[in-house]
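Residue-level listing of the chains:
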Number of protein chains: 2
Amino acid sequence: MIAQVATDQPGPATEPAALPAPRRTQRVSMAHVARLAGVSSQTVSRVSNGHPGVGEETRAQVLTAMKQLGYRPNSAARALKRGEFRTIGVILFTLATTGNIRTLEAIATSAANEGYAITLIPVTAPTQDGVRGAFTRLGELAVDAVIVIMEVTLADVGVLPLPPHVQVVVADSNAGDRYSVVDTDQAGGTREAVRHLLDLGHRTVWHISGPAESFAAQRRARAWRATLEEAGREVPPLAAGDWSAESGYRAGLLLARNPECTAVFAANDQMALGLLRALHEAGRSVPHDVSVVGFDDIPEAGSFPPPLTTVHQDFAEVGRRCVAGVLRKMREEHAPERGTTLVPTHMVIRHSTAPPPTAPPAPAG
Amino acid sequence: MIAQVATDQPGPATEPAALPAPRRTQRVSMAHVARLAGVSSQTVSRVSNGHPGVGEETRAQVLTAMKQLGYRPNSAARALKRGEFRTIGVILFTLATTGNIRTLEAIATSAANEGYAITLIPVTAPTQDGVRGAFTRLGELAVDAVIVIMEVTLADVGVLPLPPHVQVVVADSNAGDRYSVVDTDQAGGTREAVRHLLDLGHRTVWHISGPAESFAAQRRARAWRATLEEAGREVPPLAAGDWSAESGYRAGLLLARNPECTAVFAANDQMALGLLRALHEAGRSVPHDVSVVGFDDIPEAGSFPPPLTTVHQDFAEVGRRCVAGVLRKMREEHAPERGTTLVPTHMVIRHSTAPPPTAPPAPAG
DNA sequence: GTGCGGAATGTTTACGTAAACATGTTGGAT
DNA sequence: ATCCAACATGTTTACGTAAACATTCCGCAC
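Residues numbered from 1 in each chain as written. Chains lettered and ligands numbered in written order. Predicted model: local features only at pLDDT ≥ 70, side-chain atom pairs only at ≥ 80, totals over all residues. Heavy atoms only, no water.

Engineer: Even after reading the chapter, I still don't get the protein's contact with DNA strand D, so can you show me in this structure?
Structural biologist: Taken together, 24 residues form the shell around DNA strand D, and within it A:M30, A:Y71, A:K81, B:G55 and B:T58 come nearest. Within 4 Å of the protein, the contacting atoms of DNA strand D are drawn from sugar and phosphate to the extent of 56%. In the environment of DNA strand D, a base nitrogen lies 3.0 Å from a nitrogen or oxygen atom belonging to the side chain of B:R46. Contact between DNA strand D and B:T58: a phosphate oxygen at 2.4 Å from a side-chain N or O atom of the residue. The set of elements that each furnish at least two residues to the surface near DNA strand D consists of α2 (41-48) and α4 (75-82) of chain A together with α2 (41-48) and α4 (75-82) of chain B. Here the element with the most residues in the surface near DNA strand D is α4(A); it accounts for 5 residues. Per-class residue counts for the surface near DNA strand D are 8 nonpolar, 11 polar and 5 charged. (Near = heavy atom within 4 Å. Polar contact = N/O pair within 3.5 Å; in protein donor to acceptor, adjacent residues only side chain to side chain. Helix = DSSP H or I, 4+ residues; strand = E, 2+ residues; numbered from the N terminus. Nonpolar A, V, L, I, M, F, W, Y, C, P; charged D, E, K, R; others polar.)

So this is what it looks like as structure tokens:
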């Protein structure tokens, strides 16, 4: 039963001349190491896991044998025995948006710090089938817990069909009543942005929103409206974008024609970029004629013409909290806690905002 | 031995009132399904894997039992038995660059199509320790093959310390003599870009390069130089950037002061954006005074002021080829093929390029 | 000297699945 | 009536690991 091996000792650069031996079954197992070291496989296991109760000399022998054979623990067997994979699945709909990417990166980093690996489960279509497919695969996947980055309202799904026994944390969603949700404080950030423009003396603030299906876009638009209403300002018609710079440009072309419009809050930096181009082409200077605020603070924002005032999101913190949350849930087993955790934002003021052309020194009336 | 279960039947919404039963061991196995369906576990296995030779009626019974118990195959056991995980590991150094992200996305998509999942292995530091750490984890990870996205020269590593029995494909590297490498045709794309500017009548082309450690940056810079030399043009001093828009801006401030400089090739679109801002601030109009070409064709490029002429990379194709390559290697076992596959680029001509101010109708002399 | 505790190591077993092999059952050809 | 395919299903076993339990050996207290 142990025979098969031999062939494969990964010795130092013994390039096999012509036909390499038939491979496949020749993984080195504890049994091989044990045989070579002249001990039982249990002892190898103990050494491999750093358990105490192994003699100094024996341990050294085993270590040598392991190195010599190039032994690698078999994670499948290990997972089977232990009942856990030390892996977190991440379900997301696209890697095309800045937010998702940065959240993913942060999740990967924090997970790595905790000794967990990340398995990516892309969902092709944001439909019931798409999600169901992802979760079906997921159910069979080597994963202990799942983080769903669900930035979009599902076309035809009310509830996520989650597999049993897998803990879930959702980033960027409104499912706080059903799952644990970690999200950026969209409302807070938006409020800051709008207030900043109002405080500069603008009568009101226009808005280019993200796509209607996006939770973040919805929340930013709602908070924009609410902030204006609270301040007793007129709420101008909303320009609907789709996150892309191109859509910001198109919205900007309209806005640029309206001399009333002196302050615009774009729901993300890319659309702000498109807006900037539209304003530039229309001959309206930023920030002298029109002030612009974005959202996200992408790395390029500081190099826009002109450098963009925007709302900075702490994606790293979102990632950290997602991982922490999911691990806590795993360990505590019970109490499938729900509710939403908000990660605060802060404004980065650069050169795309200024008082309006006819700057009234006191708050307008 | 089968006892443990019972507690957990995920029946339709039977919300347990107060304390949920102690969990952990109660995963539903084939044995449970078999018992409920009144068959042997082997029959369950056959149904689960869609093997033939199971009676219609029996199959239906088993299916019912599976649904009723919420059975999920245990991937650890499956992997252990089959000797494969149906998972590909992806090692990368950062998710901060457009190229990496888009390649990753493409890899994830193609892998999913092939029924493979993706495990992310971020390397924190591009040093020997960092890489070694990643590969150590990797060795214990549930992965059948690895794709390395190595866009950067390792500070202190000559050769990748790869674990045995794991097939590898490298994206974006110069390790073609050691591994299979899939890369964008950097040289071809650069040549096109430079020739485009030359053909418009510019005497020569300036270059803002990426960071020195980046393979792609190296290759783009080299091809730029080579193309100019082939055409017998003067090679202006190279401006070194670091991919960021900010660095493009800094380089642009210098370039803008030089009236000789009428055409610039930036090694990526972000730097081109910074350059655009610098030129704009310096009062030099694009494309009338200066022509600019970027590289990558990021989604925003079409919305730059002005829309950027750039070299489009087919990241999806890179991803597809990486996955295809690594799977082929796995299946064919033998012949660890090496060499580099190049994915072609194509130019996207927008509005940032035009003939030079003093447009000579014939090729300049 | 006897016995007992504890350290070092070995043996058994189970994790859940699926290949390989074994058994049983049916119906059609002879 | 008999026998043998062909099919449906059951039984055994192994994958590599690690917990639980068993054994051996030593030294020290009495």
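Let's pick the thread back up.
Engineer: How should I be thinking about the packing of α2(A) against helix α3 (residues 56-69) of chain A in this particular structure?
Structural biologist: The description of two packed helices rests on the angle between their axes and on the distance between the axes. All names here are of chain A. At a closest axis distance of 10 Å, the pairing of α2 and α3 adopts a crossing angle of 90°. One finds that α2 runs roughly perpendicular with respect to α3. Here T43, V44 and V47 of α2 come into contact with α3, specifically with T58, R59, V62, L63 and M66. Of the residues in the contact of α2 with α3, the class split is 5 nonpolar, 2 polar and 1 charged. (Axes fitted to C-alpha atoms, helices over the stretch in contact; angles between N-to-C directions. Parallel < 35°, antiparallel > 145°, perpendicular 65-115°, else oblique. Contact = heavy atoms within 4.5 Å.)

Engineer: Teacher, can you tell me more about the pattern of salt bridges here?
Structural biologist: Pairing between side chains of opposite charge can happen when their charged atoms approach one another. Residues and elements named next belong to chain A. Enumeration according to the criterion identifies 22 salt bridges over all chains in this entry. In this structure, E84 and R86 form a salt bridge, with 3.4 Å as the shortest nitrogen-oxygen distance. Residue class for E84 comes out partly exposed when judged on its relative accessible area of 23%. Judged by its relative accessible area of 31%, R86 falls in the partly exposed class. Here R203 and E234 are joined by a salt bridge, their closest N and O atoms 3.7 Å apart. A residue pair is termed long-range when its members are at least 10 positions apart, and R203 in the loop between α7 (186-199) and β6 (206-209) and E234 in the loop between α8 (215-230) and β7 (239-240) qualify at 31 residues. Across the pair, E234 and R203 agree in class, each one exposed. The network of salt bridges with shared partners includes E317, R320 and R321. (Salt bridge = Lys/Arg side-chain N within 4 Å of Asp/Glu carboxyl O. Buried < 20%, exposed > 50% of the residue type's maximum accessible area, 1.4 Å probe, protein only.)

Engineer: Looking at this structure, I do not really get the protein's contact with DNA strand C. What am I missing?
Structural biologist: Around DNA strand C, 24 residues are found, and the nearest of them are A:G55, A:T58, B:M30, B:Q42 and B:Y71. Backbone sugar and phosphate groups make up 58% of those atoms of DNA strand C lying within 4 Å of the protein. Taking B:R78, its side chain carries an N or O atom lying 2.9 Å from a phosphate oxygen of DNA strand C. Elements with a contribution of two residues or more to the surface near DNA strand C: α2 and α4 of chain A together with α2 and α4 of chain B. Across the surface near DNA strand C, the residue classes break down as 8 nonpolar, 11 polar and 5 charged.

Engineer: Which parts of the structure should I look at to understand α4(A)?
Structural biologist: Since the α-helix advances by 3.6 residues per turn, residues separated by three or four positions end up pointing in the same direction. Residues of α4(A) that are buried: A:S75, A:A76 and A:A79. Projected down its long axis, α4(A) carries its buried residues within an arc of 100°, all on one side. Buried residues along α4(A) sit in contact with α4 of chain B. N-cap assignment for α4(A): the residue whose side-chain oxygen lies 2.7 Å from the backbone N of A:A76 is A:N74. At the exit of α4(A) stands A:G83, carrying a positive phi of roughly 80°. (Arc of directions from axis to C-beta.)

Engineer: Where do I start with the sheet that holds strand β7 (residues 239-240) of chain B in this structure?
Structural biologist: In a beta sheet, neighbouring strands are held together by backbone hydrogen bonds and run either parallel or antiparallel to one another. All names here are of chain B. Strand order in the open sheet made by the 6 strands is β7-β6-β8-β9-β10-β12, with mixed pairing throughout. With partners counted over all chains shown, the strands left at the sheet margins are β7 and β12 (346-348), one partner each. Of the strand pairs in this sheet, strand β10 (residues 309-312) and β12 are connected by 3 bridges, and their pairing is antiparallel. Bridging from a neighbouring strand, H312 pairs with H346 of β12. (Pairing = 2+ DSSP bridges.)

Interpretation note: all reported values are geometric properties and have no functional meaning in isolation.
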